[in-house]
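Commentary on secondary and tertiary structure
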Amino acid sequence: MYARYKGGGEYVCNHLRSQTGVPACQYIRASHVDATVAAAFLTALAPAEIDALSRARRAQQQVEKALRGSAERELERKRYAAALAERQFNRVDPDNRLVAGELERRWEAALSEVRAAEEALARQASAEPVTQMALGKALNSKVVALSGRLPQIWADEATTDAHRKALLRCLIEKVVIDRGEHDVALVRIIWRGGAVTELQVKMKVNSIAKLTRGEEMRARLLDLAQVGMPDDEIAAILTREGHRSPNCADKVLPITVQRIRLGAGIRVAAQRSRWTHEATSLSATQLAARLNIPVNWIYVQIRQKRLLIDRQPTGAYLFQNSLP
């Protein structure tokens, strides 16, 4: 796949298209994959992970040292057996051809075992990874301190995409993507050194039918709607059960519930017209009324990220009520 930055960025496999003119076989939005790989990278560099990796490396080096020592002792034993067989052959009377022939056969067998042991030791030595330089206490403390600040550095506006890519290449050899199901992409991270991490990335789709558990969610939603449960409560239950809206990666939105319910012809007489919240918070409408400004102005500021605020699980924006 190659990166195409037009339209917000996506990864596209168009080898067949460029070679034979057929449509691109698969493509995937880059933002979700990038966020997942970045999260895995930052997790791998967490102080606890670095400490665990250091302990694991020391344990691996101890095991490799023990195996190498065992192979070297086995080689010495076989060399001694071959030397003994050679001395026995040299001492035999040449006229005693039967005994001499048997001792020669044993000597050749012992030499063959020596060659096999030498080859096994050579293969083991070539297969061992390059020994990492041990970190002293002072340097190790600096590495741990830096890794603890890495999420902050990563999110800093001064950190460019080129800097982030350079950081990723320090640990990651490559990332393999398979579009998989309609709403799931399979991501395999191949780290430098050979370790592999496999992840699933939930992708946005344009309909309930393209969700892997879409029919299950629809049936469950209609069962809850039939008993008159409000849309926001249904959305919260479905979210806890692991469902999600087609255009949302981690939750079911009340508007999704409403559309499916109305599409099935189910009307709820006691449906809420306003989300409830604590008195210490103000909705966007309430804040606009307090400040005597258009409520649409607030939503424009949020969309353009001039006003930074997280959306609540209900889908509403709540502001701290600090006004007199």
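Every chain begins its residue count from 1, and numbering advances along the sequence as written. Selection of residues for local features in this predicted model requires a pLDDT of at least 70, selection of side-chain atom pairs for listing and counting requires 80 or more, and totals for whole chains, interfaces and linings are taken over all residues. Side-chain numbers come from the whole structure's heavy atoms, not from hydrogens or water.

Every helix listed is a DSSP run of H or I at least four residues long, and every strand listed is a run of E at least two residues long, numbered separately from the N terminus. Regarding its fold elements, the protein chain presents 11 helices and eight strands. Long-range pairs, those at least 24 residues apart, make up 49% of the contacts in the protein chain with a sequence separation of at least 6. The contact rule is simple, with two residues in contact once any of their heavy atoms fall within 4.5 Å.

By definition here, a salt bridge exists when the distance from a side-chain nitrogen of Lys or Arg to a carboxyl oxygen of Asp or Glu is within 4 Å. Scanning all chains against the criterion turns up 13 salt bridges. Note that Lys 78 is salt-bridged to Glu 113, the shortest N-O span being 3.5 Å. Pair noted here: Lys 78 is in helix α3 (residues 47-91) and Glu 113 is in helix α4 (residues 97-127), with a separation of 35 residues, a long-range link. Here Arg 164 makes a salt bridge to Asp 161, at a shortest N to O gap of 3.1 Å.

A word on the confidence of the model for the protein chain. Considering every residue of the protein chain, the mean pLDDT works out to 78; 80% of them sit at 70 or more. pLDDT expresses, on a scale from 0 to 100, how confident the predictor is about each individual residue. No element of the protein chain has a lower mean pLDDT than helix α5 (residues 137-155), which averages 63, and none a higher one than helix α7 (residues 214-226), which averages 90. In the model, residues 130-135 has pLDDT below 50 throughout and makes five contacts with residues more than four positions away in sequence or in other chains.

Between the rings of Phe, Tyr and Trp (Trp by its six-membered ring), a pair exists once the centres lie within 6.5 Å; its type follows the angle of the planes, with under 30 degrees stacked, over 60 edge-to-face, and the other angles tilted. Evaluation of the coordinates by the stated rule reveals two aromatic pairs. With centroids separated by 6.3 Å and ring planes inclined at 55 degrees, the aromatic side chains of Tyr 299 and Tyr 317 adopt a geometry described as tilted. Here Tyr 299 is found in helix α11 (residues 295-303), whereas its partner Tyr 317 is found in the loop between α11 and β8 (318-320), with 18 residues between them in sequence.

Moving on: the sheet that holds strand β3 (residues 26-29). Two strands make a pair as long as DSSP finds a minimum of two bridges between them. Taking strand neighbours across the sheet as the criterion, the three strands line up as β1-β2-β3 in an open arrangement whose pairing is antiparallel. Edge positions in the sheet fall to β1 (2-4) and β3, since each of these pairs with one other strand and no more. Each adjacent strand pair in this sheet contributes to an overall mean axis angle of 30 degrees, direction not counted. Two strands pair when backbone bridges link them, and β1 and strand β2 (residues 10-13) are joined in this way by three bridges, in the antiparallel orientation. Residue pairing for β2: Ala 3 is matched across the bridge by Tyr 11. Here an axis means a line fitted to C-alpha atoms, over the contact stretch when the element is a helix, while the angle between two N-to-C directions is reported on a 0 to 180 degree scale. The strands touched by helix α2 (residues 30-44) within the sheet are β2 and β3, with β3 carrying the most contacts at an inclination of about 65 degrees.

For the rest of this paragraph, the subject is the packing of α7 against helix α9 (residues 254-263). Orientation of α7 relative to α9, taken along the N-to-C sense of each, is 80 degrees, at an axis distance of 10 Å. One way to sum up the angle between α7 and α9 is to call them roughly perpendicular. Together, Met 217, Arg 218, Leu 221, Leu 222 and Ala 225 of α7 and Val 257, Ile 260 and Arg 261 of α9 make up the contact between the two elements. Here is the rule for angles: anything less than 35 degrees is roughly parallel, anything more than 145 is roughly antiparallel, 65 through 115 is roughly perpendicular, and the remaining ranges are oblique.

Moving on: unusual backbone geometry. One non-glycine residue, Asn 292, lies in the positive phi region at around 60 degrees. Tracing the sequence through the fold places Asn 292 in the loop between α10 (284-291) and α11. Judged by its relative accessible area of 71%, Asn 292 falls in the exposed class. Categorising residues by exposure relies on relative accessible area from a 1.4 Å probe, with only protein chains included: less than 20% of the type maximum marks a residue as buried, more than 50% marks it as exposed, and the intermediate range marks it as partly exposed.

Taken in spatial order, the three strands make up an open sheet running β4-β5-β6, and their pairing is antiparallel. Looking at the sheet topology across the chains shown, the edges are occupied by β4 (172-178) and β6 (196-202). Each adjacent strand pair in this sheet contributes to an overall mean axis angle of 20 degrees, direction not counted. Summarising the sheet, strand β5 (residues 184-191) and β6 pair through seven bridges and their orientation is antiparallel. Counterpart to Val 184 in the pairing with β6 is Lys 202. The strands touched by α2 within the sheet are β4, β5 and β6, with β5 carrying the most contacts at an inclination of about 40 degrees. With respect to the sheet, helix α6 (residues 161-171) is in contact with β4 and β5, its orientation differing from that of β4 by roughly 100 degrees.

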